[in-house]
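# Breakdown of the fold
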Amino acid sequence: MTEGAGIRTGGDAGDLPDDLTAAEAGMWQAFRNGSVYDLSSGDTVVDDPHGGHPWGESRTVRARIVAWLLLAGPPALAGRVASLKLAGVQISGSLDLAGGTVVPYVEMKRCRFEREVRLPEARFTTLRMVDCSVPRLEAARLHTEGDLHLPRCRFHNGVRLTDAHIGTDLLLNQAIVYRDRTGRSIAADGMTVGQDLQAELLESHGELSLRSAKIGVSLSLRGARLANPYTRLALNAPQLTVERSLYLTPAGVGGQALSGTTPARGTRIQRFECRGGVRLDDGRFGDAVDLERARFVFTDDQELSLRRVQTSELRFLGEQPRRGKVVLSGARVVNLVDRASAWPGPGRLHMGGFAYENLVPQGPFSLAERLSWVAAATAEYAPEPYERLAAVLRAGGEDEDAREVLLAKQRRRRETLPPAAKLWGYAQDWTVAYGYRPGRAAVWMAVLWAASSLAFAHAAHPAVDPGGHPPWNPALFALDLLLPVIDLGQVGQWQLHGGWQWLSTALILLGWILATAVAAGATRLLRRS
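So, here is what we can say about the structure in this document. (Residues numbered from 1 in each chain as written. Predicted model: local features only at pLDDT ≥ 70, side-chain atom pairs only at ≥ 80, totals over all residues. Heavy atoms only, no water.)

### A few points about the overall build of the chain
- Within the chain one finds ten helices and 44 strands.
- A total of 529 residues make up the chain; the buried ones form 47% of that total.
- A separation threshold of at least 6 residues defines the contact pool for the chain, and within that pool the share at least 24 residues apart is 51%.
- For the chain, the accessible area works out to roughly 24500 Å², and carbon and sulfur atoms hold 53% of it. (Helix = DSSP H or I, 4+ residues; strand = E, 2+ residues; numbered from the N terminus. Buried < 20%, exposed > 50% of the residue type's maximum accessible area, 1.4 Å probe, protein only. Contact = heavy atoms within 4.5 Å. Areas by Shrake-Rupley, 256 points an atom, 1.4 Å probe, with all protein chains shown as cover.)

### Remarks on the side chain of S209
- Within the secondary structure layout, S209 lies in strand β25 (residues 207-209).
- With residues up to four places along the chain from it excluded, the contact list for S209 reads R184, I186, A187, A188, D189 and N236.

### Considering helix α5 (residues 383-395)
- When the terminal C-alpha atoms of α5 are compared, their 18 Å separation across 13 residues agrees well with the 18 Å that a helix rising 1.5 Å per residue should span.
- Among all positions of α5, only P385, Y386, L389, A390, V392 and L393 are buried. Burial along α5 is one-sided: seen end-on, the buried residues are contained in an arc of 165 degrees.
- Just past α5, the residue G397 takes up positive phi, approximately 85 degrees. (Expected span 1.5 Å × (residues − 1). Arc of directions from axis to C-beta.)

### Observations concerning the environment of P54
- Position of P54 among the secondary structure elements: in the loop between α2 (44-47) and β2 (60-62).
- The class of P54 is exposed, set by a relative accessible area of 63%.

### Considerations on the environment of C274
- If you trace the backbone, C274 turns up in strand β34 (residues 273-275).
- For C274, a relative accessible area of 0% corresponds to the buried category.
- Residues contacting C274, with those up to four places away along its chain left out, are L226, A234, R295, F296 and V297.

Below is the structure:
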């Protein structure tokens with residue numbers, strides 16, 4: 001096949017071993033030359049590593065020979081750099097590099113592995129496996145100085161990258177990963193990635209686990225489809241740290257656009273979709289958590305959990321989940337970018353202790369809808385969500401809206417009070433709106449004064465002291481009854497009988513109620529200031 005492919009029993013370090021097949025001998029020579037060793041037939045159907053067409057011995061090399069090349073291969077030819085670059089090759093047996101140090105550059109495209117690839121505690125400079133069929137990748141504590149690329153690969157029994165350290169980028173774009181015997185598709189707990197983790201258009205059939213993982217730049221799951229019908233979680237990533245942004249957003253399909261760029265006009269868009277629970281509790285995201293057009297399909301006991309998440313911006317712009325819950329308890333966000341249609345209804349939203357500094361609604365989001373949003377998050381009365389919303393509105397110069405929110409808080413609180421306190425609450429609401437509309441008391445006072453003045457103009461009013469009394473003035477008499485503290489010198493001078501006496505008593509009581517309500521409202525306003 002190549003010069004020097006015959007059996008040798010001696011010679012220098014570059015001599016061929018004496019038991020290589022023709023395919024392996026060609027791979028050996030390509031390794032020394034640093035060139036691509038391509039055994040593809042040219043027929044796209046036959047060359048599909050994921051298809052059922054058999055590849056014969058002419059395209060098959062043994063895994064132990066591949067390992068031999070990578071761990072203790074021959075020196076490069078003069079003026080060349082030794083590297084393993086395979087295309088359209090079938091590797092028989094289990095490729096086991098556990099604990100080994102691989103110096104040569106490794107790139108495998110459209111290759112087919114008969115058994116699992118074992119790389120636990122191995123060290124690579126850069127490893128690229130592109131569009132390969134792999135039963136399983138076992139790579140716990142793998143260490144790479146550069147990239148780990150696994151795009152378009154298909155893993156039939158999962159990927160394990162627990163505590164792996166990837167020096168620069170980890171690429172899983174368009175990969176398809178099925179679950180292992182533990183139910184996980186990708187187990188990457190404690191993994192560290194120096195720069196980006198890109199898993200755009202990923203298909204995950206099982207639990208994608210990123211517990212305590214650390215991503216140096218951004219984590220992109222644009223257009224990914226996560227599904228786990230076996231257990232509660234499809235994405236399990238508590239204590240995840242991403243220095244910049246987490247993207248659960250759409251991606252263009254079929255184009256070669258760069259990650260994160262706007263797809264060209266006419267490009268088909270695939271949104272992020274998750275069928276199963278999402279757990280991002282205690283996550284830290286430097287720039288944003290972006291849920292633009294994301295779709296979550298939950299059962300009643302599943303949820304999108306963002307408990308105690310911290311991020312500069314939460315873009316809650318996805319499709320409203322029809323079932324399940326959204327939990328933001330204890331989360332801290334600077335900018336909350338949202339739209340009214342994205343939030344779930346009452347009983348399915350929890351925001352206890354959720355802190356945000358700015359509201360940036362996308363599209364119409366009226367104050368009534370915002371109050372419904374708060375009410376949906378508080379099955380039982382809790383003042384904090386109302387006070388948080390009012391503080392944010394006030395900081396944005398929306399003082400009138402802030403007062404409406406605090407009034408809504410008092411009305412919600414009233415429903416939890418005993419009957420007597422509830423009646424007093426209604427009185428405060430009708431008169432001065434709990435102090436947030438103090439002008440209403442003046443209106444009530446004016447109406448009562450005008451009506452009672454007209455009534456008392458027709459009342460019999462014999463003087464208490466016929467010898468000395470001021471002139472009868474029904475307007476001043478009515479005002480003297482309504483004002484509980486000020487004495488205008490009218491009430492004690494005249495006698496009223498029958499229904500007029502009851503009317504005067506009612507005016508005195510109404511005057512005290514109005515005065516007390518105004519005082520309570522003023523106290524509340526001063527305390528808030």
